[in-house]
Every structure is written in structure tokens, then in C-alpha cells.
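One-letter residues, chain by chain:
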Amino acid sequence: MKKQDIIFGIHAVEALLSNSPERVIEVWVLQGRDDERLLPLIKKATEFGVSVQSSGRKVLDDKASSTQHQGIVARVKAAKILAEADLDALLAKTAQPFLLILDGVTDPHNLGACLRNADAAGVQGIIVPKDNSVGLTSIVSKVACGAAETIPLFQVTNLARTMRHIQQKGVWIIGAAGEADCELYQADLKGPLAIAMGAEDKGLRRLTRESCDSIVSIPMAGSVSSLNVSVATGICLFEAVRQRLVK
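Predicted, not measured: the structure shown is a model, and the values here were computed from it. Per-chain numbering applies: the sequence of each chain, read as written, is numbered from 1 onward. Only residues with pLDDT of at least 70 are given local features in this predicted model, and only at 80 or more are side-chain atom pairs given and counted; all residues enter the totals for whole chains, interfaces and linings. No hydrogens and no water enter the side-chain calculation; it runs on all heavy atoms of the structure.

(A) Representation of helix 4 (residues 84-92) in the model. If you check which residues of helix 4 are buried, you get Leu87, Leu90 and Leu91. Looking straight down helix 4, one finds its buried side chains confined to an arc of 95 degrees; they lie on one side. Facing away from the buried side of helix 4 by over 90 degrees, the exposed positions are Ala85 and Ala92. Any two residues whose heavy atoms approach within 4.5 Å at even a single point are treated as in contact. Helix and strand labels come from DSSP, where a helix needs a run of H or I of at least four residues and a strand needs a run of E of at least two; each type is numbered from the N terminus. Of the surrounding elements, those touching the buried residues of helix 4 are strand 5 (98-103), strand 6 (125-129), strand 7 (153-156) and helix 7 (159-168). Each residue's exposure class comes from its accessible area (1.4 Å probe, protein chains only) as a fraction of the maximum for that residue type: buried when under 20%, exposed when over 50%, partly exposed otherwise. Note: the arc covers the axis-to-C-beta directions of the helix.

The structure is reproduced here in C-alpha cells:
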């Protein structure tokens, strides 16, 4: 189990300092950069007693294993891995759950974008399988723009079993698949809900699909046959948001 992680990018570091400052061990900032975006983060880190060091660009590139760090990199205590028991605790205190299930999303950029979409839509938790799925990497945190530090990610050993379990708790699960007869805009997305989205290339696995209460498709008017999973996720989540806002 990882004890420490590296995160980078202004939004990711800002979200961590705002929500879990106790996890931040030390911060490196780009030498000579003292603009209005970085100064508040340096001040906040210093207030929490976090060591802040100025470093050259090559040092930051190496620490982040990326050039997309925006001049700030942090070494942090690894986030607690949430599992089925933590999901039960969330459901117990949530009157109308709104969840996202991601089946086999292995691209960190796609997971980060899905996290960002989910946070914007008010999703209370994301469920992913432990195997054949990317976890909370530094790239995921950077792409998520802070959402990785605010929205719970539950890693479960048996996704189909977890889906049956939340159904027993009253959560209706709708899966998205291109060949479904029912279109997204015909589905009822109000009430306790989980939306299940498949992997980038294979879609929902058979057991995941069979565990859904219903399957819907996104209507496609052009020649493209499928959408990127993060785009499709955003469409499905915000149709649910629209329906849930209608009085």
C-alpha cells in the first residue's frame, strides 16, 4: 500500500490544502514564480506549517514526471482507500443517493475528467472495480482540477456484487450502452440513482450490464458511432441533474 503520493497543478494542490491540509508533507514551487495564482497557495501551505521550497523547472518536471505541473508540486500522504463498508456509511446518511459507476476505465485522463464532471453534477460518490481500473494517480488529480480531493472514490473487489448490494438499499442503476432501445432522455433519472458507464473501448462488461436495472443509449445524429467515456458521462449526469431540478 502506498504511504505517499505526488500531486501537481494549481487546482489539485489548492483543493488538498483546503480540504485535507494534514495530508500535505511538502511543496515545491517554480523558482522566480510569485504570481497571484501561486502566492495564496504558498501562504496557505506556510500557515499549515508545510515546508515550501523554490526549485528549478527541471526539478519540478522530474518530481511530477510531467511538464504540466503549473509551477507547483506537492508530496502528500496517500489518501485512504475507500471500500464497500465506507459506501454503506455514505448510503446510510444520504436521503437520495446520486452515484456514478465506472466499469474498467483505465485511462487516467478519462477518470480525471469523469471525476470533474461528477463533482460538478453533485454526485456523492464514484464506484470503480479494484482490478482493471486506474486509481487516484497524480495525472488523475491534475485532470480532475481538485475534484479528486473532494469526491469519494470507492474501490470494490466485486463490482456486480456491490451493484446488487446498493440495489437492495433502494438505488436504481441505469447503464449506458449504444445498442439500448431506450434513449437517455426517455429514462426516469430522479430518485436514488447510480449511472453505470463502461470502459473506453469495450463498454459495460456483461455482468455489469446484467446487474443494471435498465440500459439507455445516448442518441447519435452524426457518423461517429461512440463518444469518449468522460463526454458520455457528462451528458448522462447532467440529464439526471436537469430532471432532478424539475419541480
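Past the structure itself, the notes keep going.
(B) The arrangement of the sheet that holds strand 2 (residues 24-30) in detail. The 4 strands lie next to each other as 1-4-2-3, forming an open sheet whose pairing is mixed. At either end of the open sheet lies a strand with only one pairing partner, and these are strand 1 (4-8) and strand 3 (51-55). If you compare each strand with its neighbour and ignore which way they point, the axes differ by 20 degrees on average. Helix-sheet contacts for helix 1 (residues 10-19) involve strand 1, strand 2 and strand 4 (72-77), and the interaxial angle to strand 1 is about 125 degrees. Sheet strands touched by helix 2 (residues 39-47): strand 2, strand 3 and strand 4. Its angle to strand 3, the strand with the most contacts, is close to 140 degrees. At least two bridges found by DSSP between two strands is the condition for calling them paired. Orientation is described by axes fitted as lines to C-alpha atoms, over the contacting stretch for helices, and by angles from 0 to 180 degrees between their N-to-C directions.

(C) Focus on the sheet that holds strand 5. Ordered by their spatial adjacency, 7 strands build an open sheet running 7-6-5-10-8-11-9, and the pairing between neighbours is parallel. Each having just a single partner strand, strand 7 and strand 9 (182-183) make up the two edges of the open sheet. Where strand 8 (residues 172-176) lies against strand 10 (residues 193-198), 4 bridges are found, and the strand directions are parallel. What sits directly across from Ile174, in strand 10, is Ile195. Contacting strand 5, strand 6, strand 7, strand 8 and strand 10, helix 7 runs over the sheet at an angle of about 165 degrees to strand 5. The sheet strands contacting helix 9 (residues 229-245) are strand 5, strand 8 and strand 10, and the helix crosses strand 10 at an angle near 165 degrees.

(D) Inspection of the nonpolar core at higher detail. Throughout this description, the term nonpolar core refers to a set of buried Ala, Val, Leu, Ile, Met, Phe, Trp, Tyr and Cys residues connected via side-chain atoms within 4.5 Å. Within the largest apolar cluster, 35 residues are counted, with the highest numbers of intra-cluster contacts made by Phe98, Leu102, Leu115, Val123, Ile126 and Met197. At the level of elements, strand 5, helix 5 (108-121), strand 6, helix 6 (138-144), strand 8, strand 10 and helix 9 are the ones that each hand at least two residues to this core. Element by element, the count of residues in this core is highest for helix 9, at 6 residues. Setting aside anything within four residues of it in sequence, one finds Val123 in contact with Phe98, Leu99, Leu100, Ala118, Ile151 and Leu237.

(E) Examining the pattern of salt bridges more closely. Salt bridges are defined as contacts in which a side-chain nitrogen from Lys or Arg sits within 4 Å of a carboxyl oxygen from Asp or Glu. If you walk through the whole model with that rule in mind, you get 9 salt bridges. Glu26 serves as the salt-bridge partner of Arg75, at 2.5 Å between the closest nitrogen and oxygen. Of this pair, Arg75 sits in strand 4 while Glu26 sits in strand 2; the two residues are 49 residues apart in sequence, bridging distant segments of the chain. Exposure remark for Glu26: the relative accessible area of 13% places this residue in the buried category. Of the charged contacts in the structure, one is a salt bridge between Lys58 and Asp62, with a shortest N-O distance of 2.8 Å. Here the residue Lys58 and the residue Asp62 both occupy positions in helix 3 (residues 57-64), the gap between them amounting to 4 residues, near one helical turn. On the basis of relative accessibility, which here comes to 47%, the residue Asp62 falls in the partly exposed class.

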